[in-house]
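An overview of the molecular structure
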Amino acid sequence: MKKKKQIRRMALALAVCTGLLLTGCREEKTSRPAEEEREEQSFRESEKLAEGFRDIYEAALKEGRLDTPETAGQIVDFLGQQGYTAVDAGNRVDMVNAGNLKNFFQKVTEGETGETSFFVVTASGGFTRYDLQTSAEETEVFQSALNWEDGTPQAAYGEYWPMEGWVLTENWLFFSRTRPAGYDGPPGDMAIRLEPLEEECRSACRQYLEPLGYGRNNLFFTDWTEENLDAVCLEDLYEPFYRMKYGEETKYGFDFDMTEYAVPGAELESLYQSFFRVTAETLRERMEWREDTGTYAYRPRGIDERPASDYPFPEVTDVRENLDGTRTLQVQAVWPEQKTEHVFRHELTVRPLEDGFQYVANRVLETGEGVDFSWYTRRLPAEIWKERYGGNTK
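Notes on the structure in this doc start here. (Residues numbered from 1 in each chain as written. Predicted model: local features only at pLDDT ≥ 70, side-chain atom pairs only at ≥ 80, totals over all residues. Heavy atoms only, no water.)

Moving on, we get to the overall build of the chain. Along the backbone of the chain there are 11 helices and 16 strands. Put simply, the chain has 394 residues, and 49% of those count as buried. Long-range pairs, those at least 24 residues apart, make up 57% of the contacts in the chain with a sequence separation of at least 6. For the chain, the exposed surface amounts to about 19,800 Å²; the carbon and sulfur share of it is 48%. (Helix = DSSP H or I, 4+ residues; strand = E, 2+ residues; numbered from the N terminus. Buried < 20%, exposed > 50% of the residue type's maximum accessible area, 1.4 Å probe, protein only. Contact = heavy atoms within 4.5 Å. Areas by Shrake-Rupley, 256 points an atom, 1.4 Å probe, with all protein chains shown as cover.)

Spelled out as structure tokens, the structure:
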């Protein structure tokens with residue numbers, strides 16, 4: 001086992017050096033004995049912590065529930081009991097020991113020296129660890145990851161980077177990491193909720209908003225009612241509605257041949273009527289209905305119709321039960337890139353059913369200065385889509 005650890009450390013060192021070359025981090029700092037000892041201590045401590053919640057991990061793995069709020073909450077609670085600050089990667093559970101982070105950033109503000117660590121639990125039952133140090137000159141992060149490999153917890157991939165542009169609001173911590181010139185990968189912006197949120201709000205967000213989100217449809221940032229869906233791009237909802245109802249991808253989705261599909265009328269209408277109180281006549285008026293074949297033309301989004309790579313995510317802050325059986329949710333859009341929890345606010349009303357729910361209405365309440373929802377890309381008109389992608393039919 002010792003030899004295996006040594007080999008892994010050598011591989012890790014090679015990976016870190018490669019990462020440093022790619023990211024432009026300061027190689028001379030991580031080569032110093034003091035820094036190497038700090039890294040090794042962090043790795044050893046992470047692996048020891050993971051052994052402490054092995055029972056949680058193994059039970060969840062066996063039962064197929066690793067990527068659930070319940071398992072994330074159990075691991076977060078365990079880390080909290082050890083005195084650490086922890087939350088899950090999807091902001092699905094409340095942070096524990098948030099005061100440690102608040103105190104650290106108070107020291108950052110005052111130019112004092114300090115350090116702390118916090119953990120972000122991942123869907124695979126591991127975590128990303130952030131060891132923070134601050135002084136009058138800078139605030140630095142040592143980021144590492146803990147994953148399970150063949151039933152053994154292994155800490156790997158350590159990287160230093162300066163924490164820049166951090167913002168601490170009443171409920172959220174936003175921060176960014178420096179990316180080298182020319183980098184075109186995932187954005188280096190993070191948002192972590194510090195304050196507790198009612199589980200009813202989290203549950204409502206998971207059920208009604210997260211399956212759709214804000215990127216590939218305009219359902220949540222336009223005003224509409226079930227009596228008037230004119231502002232909604234209904235075509236955007238076909239693929240996510242299918243996933244929500246059947247738990248799998250539709251056969252009429254994206255392919256590299258860029259096919260225009262003929263979706264049977266009864267099939268599409270039944271799907272949309274699962275989520276809207278809408279008539280077949282309205283769908284045929286609003287979507288591309290072909291009377292001669294009894295089908296709807298459906299064209300998946302092409303490469304020129306993709307949304308921007310970064311956009312907000314929804315957070316439900318209040319749930320109101322209405323006398324008619326519907327529920328009205330107060331929702332705010334949190335945007336890590338813009339470092340704000342109030343990009344815009346909207347009010348969504350839904351109708352719970354015995355076997356699901358329907359969307360009833362949406363109303364935008366407030367938009368931040370300069371917000372134009374430009375991350376959303378409108379679909380190409382049929383003629384342009386066919387000209388650009390070839391117009392294969394099926």
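Core analysis: the biggest nonpolar cluster contains 49 residues, and Tyr272, Phe276 and Tyr359 have the highest contact counts within it. Residue contributions to this core peak at 5 residues, all from helix H7 (residues 199-209). When near neighbours in sequence (up to four residues on either side) are disregarded, Phe276 contacts Leu219, Trp224, Leu229, Leu234, Leu237, Phe241, Gln358 and Tyr359. Counting 23 residues, the second-largest nonpolar core is a separate cluster that includes Ala50, Val96, Val121 and Trp148. (Core = buried A, V, L, I, M, F, W, Y, C linked by side-chain atoms within 4.5 Å.)

Bringing unusual backbone geometry into the picture now. The residue Lys339 is not glycine, and still its phi comes out positive at about 55°. Checked against the element boundaries, Lys339 lands in the loop between strand S13 (327-334) and strand S14 (344-353). Phi angles above zero are rare outside glycine, and Phe373 is one such case at about 55°. Among the structural elements, Phe373 can be located in the loop between strand S15 (356-367) and helix H11 (382-389). Note on Phe373: relative accessible area 15%, which makes it buried.

To continue, consider the pattern of salt bridges. Scanning the model with the defined rule gives 28 salt bridges in all. Put simply, Glu45 and Arg129 hold a salt bridge, and the shortest N to O gap is 2.4 Å. A residue pair is termed long-range when its members are at least 10 positions apart, and Glu45 in helix H3 (residues 33-52) and Arg129 in strand S3 (residues 127-134) qualify at 84 residues. Judged by its relative accessible area of 27%, Glu45 is partly exposed. (Salt bridge = Lys/Arg side-chain N within 4 Å of Asp/Glu carboxyl O.)

The subject of this paragraph is the packing of aromatic side chains. Under the criterion given, the structure shown has 42 aromatic pairs. Of note, Arg284 hangs over the ring of Trp289, and the distance from its end group to the ring centre comes to 4.1 Å. (Phe/Tyr/Trp six-rings, centres within 6.5 Å; stacked < 30°, edge-to-face > 60°. Lys NZ or Arg CZ within 6 Å of the ring centre and 35° of its normal.)

What the 5 strands build is an open sheet, ordered S8-S15-S14-S13-S12; its pairing is antiparallel. The outermost strands of the open sheet, each flanked by one partner alone, are strand S8 (224-225) and strand S12 (313-321). In this structure, S12 lies alongside S13, joined through 8 bridges in antiparallel fashion. Paired with Glu315 across the two strands is Gln332, which belongs to S13. (Pairing = 2+ DSSP bridges.)

This next bit is on helix H8 (residues 238-246). Considered for burial, the residues of H8 that qualify are Tyr238, Glu239, Pro240, Phe241 and Tyr242. Contacts from the buried residues of H8 go to strand S9 (259-264), helix H9 (265-275), strand S11 (295-298) and S15. Taken from the residues just after H8, Gly247 is the one with a positive phi, measuring 70°.

To continue, consider the environment of Tyr296. Considering the arrangement of structural elements, one finds Tyr296 in strand S11. For Tyr296, a relative accessible area of 0% corresponds to the buried category. Residues Tyr296 and Tyr261 lie 35 residues apart in sequence; the distance between their C-alpha atoms is 7.9 Å. A polar contact is formed between the side chain of Tyr296 and the side chain of Glu269, at a distance of 2.7 Å. (Polar contact = N/O pair within 3.5 Å; in protein donor to acceptor, adjacent residues only side chain to side chain.)

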